[in-house]
Amino acid sequence: MRRFQSLAVFLFLNLLAADFAWAQEKSAEPQMGMEHQHHGGFMQEGMHHVIAKGVALDARVDDAAHTVTLRVGPMNLPAHTSHMKMPQPSDQVWQIPFEGWLLAYHPKLVDAAGQEVPGTVLHHTAFWNENRSDFLCPNKEEHIFGAGSEMTDWVEVPGYGYRVQKDDRIRIETMVYNPTATSYEKVYLEVVIPFQYAAENLPPRKNVYPAWMDVKSCGNSSYDVPAGKSEKSGTVTVKYDGLLLGVGGHLHDYGRQIVLEDLTRKETVATLDARVDDQGRLEAVPVRLFVQEGGFKLSAGDVLKTSATYDNPTDNLLRNGAMGIAVGYFVPNNESKMAALRRKTPPPREMARMAHDH
């Protein structure tokens, strides 16, 4: 295990999503009485928010540059507004227009003029492939990318990529908030995704599978943070033989450490100490890369334990104030076994939503 030194070598792993709640644009007032409930998984099931109107997804493919640029917005973010107080956008869906591999994810927040907005106002964004199940938690859609206030780049690992099929539906779930004293208007979440076509005259990529190891195991990720120091842990069982390329972590404010252990092998996979400011607010979580050692070997049946440590100085219970996730990319020994993750039909809630839309 070693600290990842060169982003040019590593792909995506660092943090996932931090929490992200957000306000709506002033010209689109919330429709009172209507609520939006985000799907379970990254956000807590049952968390209701007023719908923010006027938010849309713009997806643009640049064939020359081999990039897709996704923009979600516009969003207005009044100062000193929590994610629970903000109207939230409905989930957006990007339908993949090609066969190939997604190679990296470069997120940022910008205003209408293209000027960068601080990542502090991103509670989280999470991308889910509705056509595949998560290989560790098959009750969930496959969680392919996430980002939060750290706005960490998920950069390319040469020779590897996330395989997509034409018409795969990528659901984009976003939350924003604004704990700062500055208001921001007409903000867009922008994610640039380099890709490779399957039909190109280039060597094929090895397929990687997102590995999300959560202190809530295969449940919903949010949980309450008591005052003072606390620790929460959960386990998940690996179902396939393969290699973990590396691991990063996701915490919220007052999070101090993520530890990933292989209980079966009685070995610590990674200890990730958060960097925080003098108030304990999260600034970054490191990444550990195992590529130089040939990857961290995982076997079917291995039990992985993820633990998150918090130190909450506020003297208050912070409702849904924490997440604790180790995130990496997994390369299976037998690719053919992974075909079982493909969903032939959308999940029931998606079919119900499509029926409603039509």
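Residues numbered from 1 in each chain as written. Predicted model: local features only at pLDDT ≥ 70, side-chain atom pairs only at ≥ 80, totals over all residues. Heavy atoms only, no water.

## Structural notes on the nonpolar core
Note on soluble globular proteins: their nonpolar side chains tend to be buried together. In terms of nonpolar packing, the biggest core is built from 42 residues, with Trp94, Leu102, Tyr105, Phe127 and Ile193 touching the most fellow members. Considering every element that reaches this core, the biggest residue donor is strand β14 (residues 184–197), with 6 residues. Sequence-distant contacts of Trp94, that is, excluding residues within four places in its chain, are made with Leu57, Ala59, Val68, Leu70, Leu102, Asp168, Arg169, Ile170, Ile172 and Ile193. (Core = buried A, V, L, I, M, F, W, Y, C linked by side-chain atoms within 4.5 Å. Buried < 20%, exposed > 50% of the residue type's maximum accessible area, 1.4 Å probe, protein only. Helix = DSSP H or I, 4+ residues; strand = E, 2+ residues; numbered from the N terminus. Contact = heavy atoms within 4.5 Å.)

## Considerations on the pattern of salt bridges
Evaluated as defined, the whole model comprises 17 salt bridges. As a salt-bridge pair, Arg71 and Glu190 come within 3.0 Å of each other at their nearest N and O atoms. Taken together, the positions of Arg71 in strand β5 (residues 67–77) and Glu190 in strand β14 put the pair 119 residues apart, joining distant regions of the chain. Residue classification places Glu190 among the buried positions, given a relative accessible area of 12%. (Salt bridge = Lys/Arg side-chain N within 4 Å of Asp/Glu carboxyl O.)

## Focus: the state of the cysteines
Taken as a whole and assessed by the stated rule, the structure comprises 1 disulfide. The side chain of Cys137 participates in a disulfide bridge whose partner is Cys218; the two sulfur atoms lie 2.0 Å from each other. Measuring the twist about the S-S bond at about -75°, one finds the Cys137-Cys218 disulfide to be left-handed. Of this pair, Cys137 sits in the loop between β10 (122–133) and β11 (141–147) while Cys218 sits in the loop between β16 (209–214) and β17 (223–225); the two residues are 81 residues apart in sequence, bridging distant segments of the chain. Note on Cys137: relative accessible area 3%, which makes it buried. Look at Cys218 and you get partly exposed, because its relative accessible area is 25%. (Disulfide = S-S within 2.5 Å.)

## Side note on the side chain of His124
Tracing the backbone through its elements, the reader meets His124 in strand β10. His124 sits in the buried class, given a relative accessible area of 0%. A distance of 3.1 Å separates the side chain of His124 from the side chain of Glu173, its partner in a polar contact. (Polar contact = N/O pair within 3.5 Å; in protein donor to acceptor, adjacent residues only side chain to side chain.)

## Observations concerning the environment of Phe296
With respect to the helices, strands and loops of the structure, Phe296 is situated in strand β25 (residues 296–298). Its relative accessible area of 7% is what places Phe296 among the buried residues. Along the sequence, Phe296 and Leu244 sit 52 residues apart, while their C-alpha atoms lie 5.0 Å from each other. Excluding anything up to four places from it in sequence, Phe296 contacts Gly242, Leu243, Leu244, Asp262, Arg265, Glu267, Val269 and Phe290.

## Quick notes on the layout of surface pockets
Approximately 490 Å³ is the volume found for the largest pocket. Lining the largest pocket we find 21 residues, and of these His83, His123, Tyr177, Asp253 and Arg281 sit closest to its centre. Where the lining of the largest pocket is concerned, the elements lending two or more residues are β10 and β27 (318–322). In terms of residues, the lining of the largest pocket owes the most to one element, β27, which gives 4 residues. Split into classes, the residues belonging to the lining of the largest pocket amount to 9 nonpolar, 8 polar and 4 charged. (1 Å grid on protein atoms, 1.4 Å probe; cavity = no way out; pocket = protein on both sides within 12 Å on 5 of 7 lines; lining within 4 Å. Points joined across faces, edges and corners; volume = space filled by probe spheres on them. Nonpolar A, V, L, I, M, F, W, Y, C, P; charged D, E, K, R; others polar.)

## Focus on the environment of Arg288
Following the sequence through the fold, Arg288 ends up in strand β24 (residues 288–289). A C-alpha to C-alpha distance of 6.8 Å links Arg288 and Ala270, two positions 18 residues apart in sequence. A polar side-chain atom of Arg288 sits 3.4 Å from the main-chain carbonyl oxygen of Thr271.

## Observations regarding the sheet that holds strand β20 (residues 255–262)
If you walk across this open sheet you meet the 4 strands as β18-β26-β20-β21, and the pairing is antiparallel. With partners counted over all chains shown, the strands left at the sheet margins are β18 (228–237) and β21 (267–273), one partner each. Adjacent strand axes in the sheet meet at a mean angle of 15° when their direction is disregarded. The sheet contact formed by β20 and β21 spans 6 bridges and is antiparallel. In the strand pairing of β21, Asp262 is matched with Glu267. (Pairing = 2+ DSSP bridges. Axes fitted to C-alpha atoms, helices over the stretch in contact; angles between N-to-C directions.)

## Some details on unusual backbone geometry
Trans is the common state for peptide bonds, and a negative phi is the common state for residues other than glycine. With an omega dihedral of 0°, the bond running from Gly73 to Pro74 counts as a cis peptide bond. Among the structural elements, Pro74 can be located in strand β5. Backbone geometry at His66 places phi at a positive 55°, although glycine is not the residue there. On the secondary structure map, His66 appears in the loop between β4 (56–62) and β5. What makes His66 partly exposed here is its relative accessible area of 22%. Positive phi outside glycine occurs at Ser217, with the angle close to 55°. For Ser217, a relative accessible area of 24% puts it in the partly exposed group.

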